[in-house]
Amino acid sequence: MKLILTDIDETILKFADPFQQWMIDKGHTAHYHLRSTYHIPQTFNIHEKHVYELLEDFAHECFHDLPPEEDALEILPELYKQGYQFVAITACTF
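Remember, predicted model here, so these are calculated numbers, not experimental data. (Residues numbered from 1 in each chain as written. Predicted model: local features only at pLDDT ≥ 70, side-chain atom pairs only at ≥ 80, totals over all residues. Heavy atoms only, no water.)

Broken down by element type, the chain carries five helices and two strands. In the chain, the succession of helices and strands from N to C terminus is β-α-α-α-α-α-β. Out of the 94 residues belonging to the chain, those deemed buried represent 30%. When contacts within the chain are restricted to residue pairs at least 6 apart in sequence, those whose partners lie at least 24 apart make up 62%. (Helix = DSSP H or I, 4+ residues; strand = E, 2+ residues; numbered from the N terminus. Buried < 20%, exposed > 50% of the residue type's maximum accessible area, 1.4 Å probe, protein only. Contact = heavy atoms within 4.5 Å.)

Moving on: the packing of helix H1 (residues 16-25) against helix H4 (residues 51-62). Relative to each other, H1 and H4 sit at 105°, their axes nearing to 11 Å. Relative to H4, H1 is oriented roughly perpendicular. Along the contact surface, H1 presents Pro18, Phe19, Trp22 and Met23, while H4 presents Leu54, Leu55, Asp57, Phe58, Glu61 and Cys62. Within the contact of H1 with H4, the residues separate by chemical class into eight nonpolar, no polar and two charged. (Axes fitted to C-alpha atoms, helices over the stretch in contact; angles between N-to-C directions. Parallel < 35°, antiparallel > 145°, perpendicular 65-115°, else oblique. Nonpolar A, V, L, I, M, F, W, Y, C, P; charged D, E, K, R; others polar.)

So, on to the packing of aromatic side chains. For the structure shown, the criterion picks out six aromatic pairs. Judged by centre distance (5.2 Å) and plane angle (90°), the ring pair of phenylalanine 15 and phenylalanine 58 falls under edge-to-face. Placement of phenylalanine 15 in the loop between strand S1 (2-7) and H1 and of phenylalanine 58 in helix H4 is noted, with a sequence separation of 43 residues between them. The exposure classification of phenylalanine 15 matches that of phenylalanine 58, with both residues buried. (Phe/Tyr/Trp six-rings, centres within 6.5 Å; stacked < 30°, edge-to-face > 60°.)

Moving on, we come to the environment of methionine 23. Within the fold, methionine 23 resides in helix H1. Methionine 23 gets classed as buried once you look at its relative accessible area, which sits at 0%. Between the C-alpha atom of methionine 23 and that of leucine 54, which follows or precedes it by 31 residues, the distance is 8.6 Å.

As structure tokens, then:
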């Protein structure tokens, strides 16, 4: 059996762009493009103590609708055809 252990967010599914749009829709201002900084407090000028709660809310509301990364759409099916099975992990909570 050939296994691939892979992260989900920003590897298989887009996370930063949908999260940034969700934050903007919630009334936050983005001072940077999150996908280039990956630093939520700096991007939205919020205190770090609020980040976990925001990520948890986003995961509950939106994680099931995250769009795939373009490369994942192309590469994953090919690897699957070659007999690979995937074990997905994520730090996102639900």
